[in-house]
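A structural walkthrough
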Number of protein chains: 4
Amino acid sequence: MAAALGDPVRHALEAVLDAVRDRTDGAVADYIPELAKVEPEQLGAALASTHGVVHEAGDCDAEFTIQSVSKPFVFALAVDALGLDEVRRHVDLEPSGEPFNAISLDEASGRPRNPMINAGAIVMTSLMPGDTADEKFAVVLAGIERFAGRDLPVNEEVYSSEASTGDRNRALAYLTRSAGTLGAAVEVATLAYFRQCSISVNARDLAIMAATFATGGVNPLTRERVISEDAARWTTAVMTSCGMYDESGDWMVRVGLPAKSGVGGGIAAVQPGQFGIGTFSPRLDARGNSVRGVATLELLSERHGLHMLQHHGAPLSPIASLSRVEAGDADGGSDGDTVVALRGEILFSEAEEILTRLAPLVGDRGCLVLDFTAVTRVAAGARTIFSALPDTMGRLADGRSRVAVHDPDQVLGAAER
Amino acid sequence: MAAALGDPVRHALEAVLDAVRDRTDGAVADYIPELAKVEPEQLGAALASTHGVVHEAGDCDAEFTIQSVSKPFVFALAVDALGLDEVRRHVDLEPSGEPFNAISLDEASGRPRNPMINAGAIVMTSLMPGDTADEKFAVVLAGIERFAGRDLPVNEEVYSSEASTGDRNRALAYLTRSAGTLGAAVEVATLAYFRQCSISVNARDLAIMAATFATGGVNPLTRERVISEDAARWTTAVMTSCGMYDESGDWMVRVGLPAKSGVGGGIAAVQPGQFGIGTFSPRLDARGNSVRGVATLELLSERHGLHMLQHHGAPLSPIASLSRVEAGDADGGSDGDTVVALRGEILFSEAEEILTRLAPLVGDRGCLVLDFTAVTRVAAGARTIFSALPDTMGRLADGRSRVAVHDPDQVLGAAER
Amino acid sequence: MAAALGDPVRHALEAVLDAVRDRTDGAVADYIPELAKVEPEQLGAALASTHGVVHEAGDCDAEFTIQSVSKPFVFALAVDALGLDEVRRHVDLEPSGEPFNAISLDEASGRPRNPMINAGAIVMTSLMPGDTADEKFAVVLAGIERFAGRDLPVNEEVYSSEASTGDRNRALAYLTRSAGTLGAAVEVATLAYFRQCSISVNARDLAIMAATFATGGVNPLTRERVISEDAARWTTAVMTSCGMYDESGDWMVRVGLPAKSGVGGGIAAVQPGQFGIGTFSPRLDARGNSVRGVATLELLSERHGLHMLQHHGAPLSPIASLSRVEAGDADGGSDGDTVVALRGEILFSEAEEILTRLAPLVGDRGCLVLDFTAVTRVAAGARTIFSALPDTMGRLADGRSRVAVHDPDQVLGAAER
Amino acid sequence: MAAALGDPVRHALEAVLDAVRDRTDGAVADYIPELAKVEPEQLGAALASTHGVVHEAGDCDAEFTIQSVSKPFVFALAVDALGLDEVRRHVDLEPSGEPFNAISLDEASGRPRNPMINAGAIVMTSLMPGDTADEKFAVVLAGIERFAGRDLPVNEEVYSSEASTGDRNRALAYLTRSAGTLGAAVEVATLAYFRQCSISVNARDLAIMAATFATGGVNPLTRERVISEDAARWTTAVMTSCGMYDESGDWMVRVGLPAKSGVGGGIAAVQPGQFGIGTFSPRLDARGNSVRGVATLELLSERHGLHMLQHHGAPLSPIASLSRVEAGDADGGSDGDTVVALRGEILFSEAEEILTRLAPLVGDRGCLVLDFTAVTRVAAGARTIFSALPDTMGRLADGRSRVAVHDPDQVLGAAER
C-alpha cells in the first residue's frame, strides 16, 4: 500500500524510460574509439529535488564522460571567478543557430558566439585560475565535484584520445587566441578542456549538478553553496537560449527545461526552483544529442507539466482572511486590530496585490497585523518592503505601530535559505 | 500615509522612468514620414497584474502604432487557429541571431527562421482565416482587441506609408510564397500585415496584452479567455529565445523578461504567472528597440528582482505541521487520525516532497487527513494524484478511507481558475 | 579528298558531339511545364569565327528559350546605354560563389553581387530605356537580335509560365527595389525580364552572339557594331569570373572559355579574338548547366587547345630580317638605308622588342625603313608610337626622315577593322 | 635622339610611377613590428618580357618579403609535384568573395575554397615533398629561386615574428588538419609557410617570376623550364578568378591582368604570352593590397591597353597571297603550282580560315605550296594538321605530294620554343 505512495517520482521516471526504451535509432559517438566501446543499450534517469532527495530509475550508476554537459557548470565557475562583465569580454551570450562545433566567432570582436559551443567553452576553461593545464583543470574538477557532491574520476583513455584527435578544437582555440579572447596558451587551454570533457559522471551526478542550478547555487544534498545566485540565474538563462545548439528555440517551445547535452550520452536539465534531471543513454541523433535522453525529457515534461513556462492556474489570493480582534486580546490590540492572514508564495505580483488592497485599511483606529504564518516564501525584492512597514507607517495614539508583522517562520528575515 | 502604501508599483515605475528620462540617445524611426512626426520625448510604462490591476506611470495614454509588438500575439492566434504542428510547417522556431528584417529563410524548407522576424510574421498573418486582406486583418484586429480588452483604431496614415514603402517586406513575402510557405497571395498577406502593424495602441494596452500571456491566455481585466494556455506558453517560449532579435540571449541573461519591441517605440514584456509590462518611448537604438523602453525594463528587472529565472530562496516545506487528533473529534477519527496541514504552492517538487514524507504514515491505525486550507495553488499535474488518493489508498477497519482530503477552497478541484 | 579538308571544324564538332552523346545523366528543367516538354535527346553545337563563318554540327536549328544566356548580352547593352560607372552603382561585379538564384545582395549597398545571377540580371533589364515592360523588352530584344543577326521570336507559353511562377524573381526584384538599385517598378522589371528569358534561339544564334564578343563587339556576319569594344571586354571579363556561378573558378582552370549557360539547355562560350561557340542539349546537371553542353565545351577545349590562357609557344621574333639597301634603290636611300622587315602580330611585347632592338640603328647615316608588309595586326596601343616615329625621329642631312614606314596593308592606320 | 627610342617601356613605367607617387593613403602592414619598419615611400615597378628583357623604374632593387605573392608560385609547384587531380583533393579552385584570411573552408569536404587564401596556401605548402618544415621549405625556396632566376635570402626577423604571432594561420592549419586536407603536421606546415612568406624579393624578381607564367613556365632570362605549361596555365587561371581576393571580379573588369599581392607591398601581374610585371610600394589599402601598386597596374593597363581581354582589331587574313608558279621553277613545280603565302600567328581561328579557303584549290593539276616564311607562330593544336597535310593529301601524277610545306623557320616543327 505504502509502496504505491512510496516513490511516485521514481515510478514516473520508470514509466517514461519504459516508453522510450524501444528507440533504437541514433548511433554511439565514434570519433574516438573509447567512446564507441560503450554499451549502447544503457538507459537511466535521475531527478534531484531542491530539498535534497534523489529519485533514480534505470542505469543511474553507469559512468560516462561528461563532455559538453560540463560547459554550463564551467561557465558558472568562470562568472563567479571573474565577474560577468569580464566573462562577456571573452564570449558573447547569443544563440548561434549553429551546431556545437561551429566556428561562430564574431570576426570583429573575436568573441565566440556563446559559451555552450566548443569555442566559447574552451575560452571559459582558459579563464580558470592557474598557469598550467593541470592547474586550470584542478579548479574545474574541484568545481564540478562541488556541483556533484562527490569526487569524480577522469577517464584517462578518453582524455588521451581527445587530446590526440582534437585538431578542430585546437583550431578553435587558435582562432580565439589570435583574436585575443583566449585566456591561456592554446595547449594549456585545450588540454585542460579535453580533461574537463573526460570527467566521468553518472546520471545521478548530473541530476544533482542541475539541481544545484535549480536551488540558486546550493548543492541540495551537501548544502554547500557552489556558485552565487547570480551565476546560477545567468547560467540557466544561457542554457535557455543556447543549451541545445540549433534547436534551442524548438526545445524551449516543446520541453521548456533549460538543458545541456554531451556526446557521452548525458543530458542535464533544470527546472529553476524545482529540481534537476540527469539522463544517460549513449546513442546520439544527428545533432549529437542522446536520442532516448531527449525523448525522456520530452515525455516527462509533457506528462507532468514540467515546462518552465507552464501555467498552473491563478493562485488563490495571498490574503487568506481579514479578521477583527477585540481589544484586550493576547495581541494586546486596543480599539480593535485587524489581522490579515497571508498565505502561499509572495512574489512581486502577490506583494503588489497585498499592498494595494491593504492601503485603505491602514489608519488611526487600530493596528494592522500581517500574519505570515501560512506564507511559504517571500521574494527577496518584497521582503524589504514588508519588514520596513512597521517603521514607515508611523504610530497609533497608544504608541504602537500602525502595522505589525507576525512572522513565526521568519520568511521575511531569511536572507537566504 | 496611506498614499505611501497606495500604489507602490506606480511609484516603482515612476522612479524608474525618472532614472531613464535623461537618455536622449537613439532616434525616432523615420523610414516613413508618419513615424518621424512623433513627439520623441514621450515616455510611459504600465504594469498589469494577473489579478487585473493596471499601474501606470508617465505617458500611458499616448498612442503609437504597434508594429512588431503585434508579432507574438498574431503567432498565438495562428497557433490556436491552426494548431502548433501546422504552424511549424510554415515557420521555424529558432533564434536567427540576425536583425528583424533579415531574410533568414531556410533555403531547403522555405520556412522563415522564426515568427518574430518579418518574414515569419508575414507568414503568420497570411495564415489567418479569410480570403482577402480585409478579412484576414479583421481576424487579427479582433484578436488583438481581445488581448487589449478594448477597440483599437488603425493609424491610416502609417498604413498608407507602410503599404507604399514596404518593398522589402513584399520581397520577403515573395520569397516565402515561392518556397510554398506563404498562406495567401503576396498582396493579401502584406496588406493585412501592414495594417496589422498600423494598429494604434498605448502602453497600458501593451501591459494588458502581455499580462494575458502571463495568465496563461485570459485577459486579466475582461476575464475573457483570448488564447489557449498552450498558445500562451508556446508564444512566451518563442519570445524567450527570439523576441529581441540578435540580442535575445543577452536580454535573457540581463533582464529575463520575455519581450517584444516595435519600431513605433513600444515594448511588451511578460513575467509568466505574474504580470505584463508595456513601455513606450519613441527613440530607437541601432537594433530598432526603444532606448528608454529597454532601459526601463532593465532597471525594473534589476531593482525589483523581476528576472524570470530569479531565485527567491527555498520555500518553506509544504508540510506546515503534523498533528494527532483524538478519537471523537469533529472529524470523527477513531484511534487517532493525523492531520497534515499543507501550505503554499504545490508544484511538482512540493508534491514530490509531500508524497515522499507521508508514505510511511499511511497505515491501518487512523486516517491521514490532508488539509489544503493554506494551499494557494496546486499544479495541474499534481491535482489528479491528490484527488485520487482517498480512492486508491484503501479503507480502514472502520470503513473510512485511509486518506482524506480537506480542501475548503477547492484548490484541487479547480480545472482552471 | 577535298572533303577531308572541307570543314575540319565541323568534323571536330561532330566528333565531340559523338563522344558526349551517350551522356544521359541530368534532367530537363521542369519548374515550368513548358520547359519539361522539350525533346531531351537534342544535341547541337555551332562555332562562329570572327571572320564570319559558322560551322554547325547536330541540332543547330532546334529552338529553345535563351533564359540566363541572355544575361551577359543585356549587361553589355546596359553598359553601353548607361556607362560602366552608372551600371556599377546598381550591381557589383564579384563572383558570389553561390547558385544562380542566390539572394547574394550586399546588405549595405543593396547591390546584387554580379549581373550573372538573377538579382543582378533583373536590375540590368530594369535599367533599359523605356517606361513599360514592353518598351524595355523591345530594347532588349532589338539588342539581342543585333547580336544574333536575325529576328528572334518569343516563346509565349514559356513567358506565361515564367510570369505566373516567378515569385522568387519577384522577391529578388523587391529586395533590389527596396535597396534602391532597381531601375523600374517591380512588375515592369520582372515582366521584361521574364520575356527576355523567353526569347527563342538556336545553337547557331548563340555561336554568333558569342562571336560578337570575340570580335570586340561587331557581329561577324552582319558586320554591324552591336556594342562598344569596352562593353565587349568588360562583359567577357565578368563572364570569366562569374559566368558559371559557383564553379566559375574550376571552369576557368579546366575549360578556359568565358561562358554563360541557361536552363533552356543553351550555353554560349567566347574565345576572345577567335570565335564564339553555342551549344544546346536540354538535360541539366544539379547546378542548372546543360550536361552535354558542358561536356562538349570541355572536350573541345581539351582536344584543340582552346583554353583562353593556352600557351602556344613563343612566337618568332617580330623582326624577320634587317637588310642594307644600296643608294639609288627604288626607295631612294642615299648612303644605304636599313630595311627592317617586321612580321606577325605586334602587341605590347613585340612593340617593346622592336623598339628596344632598333634604337641603336637610328642614326645619321641612312634611313631606317620599317616594313610592315608581313605584319598582320598592330595593337591599338602600339600603333600611335609607330605612326609617330617618322615625325619624332628628325631628319637626315638629305631631308628625309630618319625613320620611314612601309605599310601597304595599312595595319598602322586602321583605327578599327 | 636614340634615347627617345631607348627604353620606351621604362619611360612608360616611370611616367606611371610619377602619376601615382602622390598617393599617400593606406598604411604599412604593422601586425608584426618588422613589417612596420619599412620605408613607406618606396615605389618601384619592373616589367620582364617573354623574350628576356627586364625594364625597371623606381625602387626595383629594394627588398621586401614576398608574403602572399608566393601563393601562386607554390601552387604551381604543387601541381607539378602531385598532379592537378591530387591537388584538387586538397583545395577547391573557386573564388570565395572573402578576405585573404577568411576561414572559407567547405565544411563537408574540408577543402579550403582556393589556394590564394591563407588556408589553401598553407595546405599547398604542406603538400611539398619532405618530412620536416626545413625540408618542405627547401623545396619551396628552390622553386621560387628558379622562378626568380637567382638565390633569394630569407628575412629571419620577419620569419621569427610571423612564427610567434601566426595563431590565426595555425588555426586555419588545424581546421584543415582536422578535415584531413593538410598534408603535414600543423607545426611543420605552418613553419614552412611562415618561412615561405619571409623570402626576400624585389620588384625585378616579381616581374621575372610573373613572366615565367607568361612564357608558359620557362624563366625568360635563365631559359630554364621551371614548371610545366599546364601548371602555368592552371595557375594563371586561378589568379584570374581568385588572385585579388574579394575584388577579383572587379580587377578582371578594370585591369585584366591576373595578379597576386602580398602584405609586404609587392604585386606580381601576368599578361599571358606577353610579360610579367612586379611592383613594390609598402602602404596597403583596407584589403591588404599595395595602394600604389594597384594604382600602377590600373594606370599601366589603361594607358597601354594591357587588359588580357583587350581587343586589338581583327588581324589581316593569314593568307597573304596566292600566286601561280610556272613549271621549271626553283621549286620544281610542273603544270604550275600554287604558292600560298601565309603570315602572322596561326591559332585555331586562323587555321580554320586557311583550311576552309584552300580546300577548293587542292586538286590534280599542281602542287599547293604552303609558305610559312612570314608565319610567326602556329598553335600547338594546329601544327599537327599542317605537318600531316603532305602525307594525307595524296600524290600528283608526277609523284609529288598534292600539298607541300615551305617552313624555313620551322614554326611547324617546334615542339616548344
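Further up the page is the structure itself.
As the structure is a computational prediction, the values presented were derived from the model and not from experiment.

Parameters and conventions
- Residues numbered from 1 in each chain as written.
- Chains lettered and ligands numbered in written order.
- Predicted model: local features only at pLDDT ≥ 70, side-chain atom pairs only at ≥ 80, totals over all residues.
- Heavy atoms only, no water.
- Contact = heavy atoms within 4.5 Å.
- Buried area = accessible area lost by both parts, 1.4 Å probe.
- Salt bridge = Lys/Arg side-chain N within 4 Å of Asp/Glu carboxyl O.
- Polar contact = N/O pair within 3.5 Å; in protein donor to acceptor, adjacent residues only side chain to side chain.
- Helix = DSSP H or I, 4+ residues; strand = E, 2+ residues; numbered from the N terminus.
- Nonpolar A, V, L, I, M, F, W, Y, C, P; charged D, E, K, R; others polar.
- Buried < 20%, exposed > 50% of the residue type's maximum accessible area, 1.4 Å probe, protein only.
- Least-squares fit on C-alpha atoms with pLDDT ≥ 70 in both.
- Expected span 1.5 Å × (residues − 1).
- Phe/Tyr/Trp six-rings, centres within 6.5 Å; stacked < 30°, edge-to-face > 60°.

Here we come to the interface of chain C and chain D. At the junction of the two partners, chain C supplies 83 residues and chain D supplies 83 residues. Regarding the contact of chain C and chain D, the summed buried area is about 7300 Å², with carbon and sulfur atoms giving 64% of it. Applying the counting rule to chain C against chain D returns 4 salt bridges. Among the ionic pairs, R343 of chain D bridges to D409 of chain C, the shortest N-O distance being 3.1 Å. For the pair chain C and chain D, the number of links is 26 residue pairs in polar contact (both at pLDDT 80 or more). Broken down by element, the side of chain C that touches chain D gets its largest block of residues, 8 residues, from helix α12 (residues 229-242) of chain C. Grouping the amino acids of the side of chain C that touches chain D by side-chain chemistry returns 38 nonpolar, 27 polar and 18 charged.

For G273 of chain A, the position within the fold is in the loop between β7 (266-271) and β8 (275-280). Overall, the relative accessible area of 16% leaves G273 of chain A in the buried class. As for G273 of chain A and Q310 of chain A, which are separated by 37 residues in sequence, their C-alpha atoms are 14 Å apart. Sequence-distant contacts of G273 of chain A, that is, excluding residues within four places in its chain, are made with T50 and A214 of chain A together with H311 of chain B.

Turning our attention to the relation of the copies chain C and chain D. Turning chain C through 180° and shifting it by 0.0 Å along the axis lays it on chain D, with an RMSD of 0.1 Å. A rotation of that kind, with that shift, is consistent with a two-fold axis. Within chain C, G344 of chain C has its C-alpha nearest the rotation axis, a separation of 1.8 Å. Of the residues that chain C buries at the interface, 100% are likewise interface residues in chain D, meaning the two copies contact each other through the same surface.

Residues and elements named next belong to chain C. The end-to-end C-alpha distance of helix α14 (residues 291-304) is 20 Å, a good match for the 20 Å that 14 residues give at a rise of 1.5 Å each. The buried count for α14 comes to 10 of 14 residues, which makes it a mostly enclosed element. By the burial criterion, the buried members of α14 are V291, R292, G293, V294, A295, T296, L297, L299, L300 and S301. Taken together, the buried residues of α14 touch α2 (8-20), β2 (44-49), α13 (248-254), β7 (266-271), β8 (275-280) and β9 (283-284). Note on α14: the residue one or two positions beyond its end, G305, has a positive phi of about 60°.

On to the relation of the copies chain A and chain B. For the pair chain A and chain B, the best superposition has an RMSD of 0.1 Å and corresponds to a rotation of 180° with a translation of 0.0 Å parallel to the axis. Take the interface residues of chain A: 100% of them recur as interface residues in chain B, which is what a same-surface contact looks like.

Quick look at the packing of aromatic side chains now. All names here are of chain C. The final tally for this structure, using the stated rule, is 30 aromatic pairs over all chains. Aromatic pair F73 and F147: ring centres 4.8 Å apart, planes at 70°, arrangement edge-to-face. Of the two residues, F73 sits in helix α4 (residues 70-82) while F147 sits in helix α7 (residues 133-148), which places them 74 residues apart along the sequence. The burial state of F73 is the same as that of F147; both residues are buried.

Everything listed here is a matter of geometry and, on its own, says nothing about what the molecule does.
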